[in-house]
Structure formats: structure tokens, C-alpha cells
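Geometric and topological summary
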Amino acid sequence: MVCLGNICRSPLAEGILKSKLNSSQYIIESCGTSSYHIGNKPDTRSIDIAKKYGIDISSQRATQFKLSDFKVYDYIYVMDDSNYQNIIKLTNNTDDKIKVNHILNELYPDKNLDVPDPYYGSEQGFEDVFQMLDRACKNIVLKLKKNN
Ligand code: 4NP
């Protein structure tokens, strides 16, 4: 799960997907494309909205995407198109590129819609982001179970 800072959207996506899958079967992590917040906890507003729905993301710490992540993960979900461009330009390898997808394409195929960045907005923005990521993660789980 990838966003810009790894403190608002992708920590929620990581926590939500982990809450729906068996951790002994899947490696689920999140990171940012930027180095802005490396080592930081998720934004308090993300921690609070996750907690409201019974998910604890408070022990997560921000990291930055690295090239070796292409080797570790089968699916790389980005929150917005700017994240997509930043990740895609790191590789010329087609096998790497096809792993990268907008997470909202799991709800609205091929539309490449953005999960809006709630960082500069209100608490409601975090609720909206939680709900869209929860719906997208439900579809990811269905897809993974179908493929296995
Ligand atoms: P995120 O939100 O990419 O969802 O973690 C942001 C967090 C921090 C900044 C931008 C977006 N920032 O500019 O510091």
C-alpha cells in the first residue's frame, strides 16, 4: 500500500487489509514515495478513525518505497496518480510495472481514480478515506481468495 507520506492513507489501507486476511499467509505493508515522514507514527486522525472501527494502526512507522519492494510484493497498490507515476518511473521492467495499480481500480476498474489526500482537510476526509479503502480492500480479499 503506497501513498506520499505513509502517515494518512496507506497506513489505513495496510491496517484495513490486515484486518481482513490471515497474517501467516500474506505479507501486507505500507510505505510512502517520499522521505518526509520516515520513522513517524500515522497521523493521529488516521489512528483515531481506524480505532473507531476496531483497527489498531498505532504501532506502524512510516517507511519509503524501495526498489527491492518490487521483488517482495505481488501487488503494489497506490493511492493516487502521483504515487503511480513516482513508482512506475523507478523501473523499466514490465514484470515490475504490471504489479502497480490504483487501489480504487478494485472498485471502479480502469478509472484510475485517486483516494483524496486528507492531510490538509477535515476529520470527515479521514472517514471518507476509511470507507473507500474498506470497500476496496473487500474486493482485494475476494480477488486474492479467487486466485488461490
Ligand atoms: P499521505 O498524506 O500521503 O496519505 O500520508 C500526506 C501526508 C503528509 C504530506 C502529504 C500527504 N506532507 O506533505 O507532509
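Residues numbered from 1 in each chain as written. Predicted model: local features only at pLDDT ≥ 70, side-chain atom pairs only at ≥ 80, totals over all residues. Heavy atoms only, no water.

Counting 33 residues, the largest nonpolar core has Met1, Leu12, Leu17, Met79, Ile103, Val115 and Leu133 as its most contacted members. When contributions to this core are tallied by element, the ones reaching two or more residues are α1 (9-20), α2 (44-52) and α6 (123-147). Here this core gets 10 residues from one element, more than from any other, and that element is α6. The residues contacting Met1, other than those within four sequence positions of it, are Ser10, Ala13, Glu14, Leu17, Glu29, Ser30, Cys31, Tyr77, Met79, Ile103, Cys137 and Ile140. (Core = buried A, V, L, I, M, F, W, Y, C linked by side-chain atoms within 4.5 Å. Buried < 20%, exposed > 50% of the residue type's maximum accessible area, 1.4 Å probe, protein only. Helix = DSSP H or I, 4+ residues; strand = E, 2+ residues; numbered from the N terminus. Contact = heavy atoms within 4.5 Å.)

A few words now on the pattern of salt bridges. Close approach of charged atoms lets side chains of opposite charge pair. In the structure shown here, the tally under the stated rule is 10 salt bridges. Put simply, Lys18 and Glu14 hold a salt bridge, and the shortest N to O gap is 2.6 Å. Here Glu14 and Lys18 lie together in helix α1, a separation of four residues that amounts to about one turn. For Glu14, a relative accessible area of 5% puts it in the buried group. Where Glu127 meets Lys52, a salt bridge forms, and the shortest distance between an N and an O atom there is 2.7 Å. In this pair, Glu127 sits in helix α6 while Lys52 sits in helix α2, placing the two residues 75 residues apart along the sequence. What makes Lys52 exposed here is its relative accessible area of 54%. Overlapping salt bridges, with partners in common, bring together Arg9, Asp80 and Asp117 in one network. (Salt bridge = Lys/Arg side-chain N within 4 Å of Asp/Glu carboxyl O.)

Turning to the site of the ligand, a few remarks are in order. Close to the ligand lie Cys3, Leu4, Gly5, Asn6, Ile7, Cys8, Arg9, Tyr36, His37, Asp117, Tyr119 and Tyr120. Contact between the ligand and Asn6: an oxygen atom at 3.2 Å from a main-chain N or O atom of the residue. At 2.9 Å from an oxygen atom of the ligand is found a main-chain nitrogen or oxygen belonging to Cys8. Taken by itself the ligand offers 350 Å² of open surface, and the protein chains cover 92% of this. Looking at the shell around the ligand residue by residue, the class counts come to seven nonpolar, three polar and two charged. (Near = heavy atom within 4 Å. Polar contact = N/O pair within 3.5 Å; in protein donor to acceptor, adjacent residues only side chain to side chain. Areas by Shrake-Rupley, 256 points an atom, 1.4 Å probe, with all protein chains shown as cover. Nonpolar A, V, L, I, M, F, W, Y, C, P; charged D, E, K, R; others polar.)

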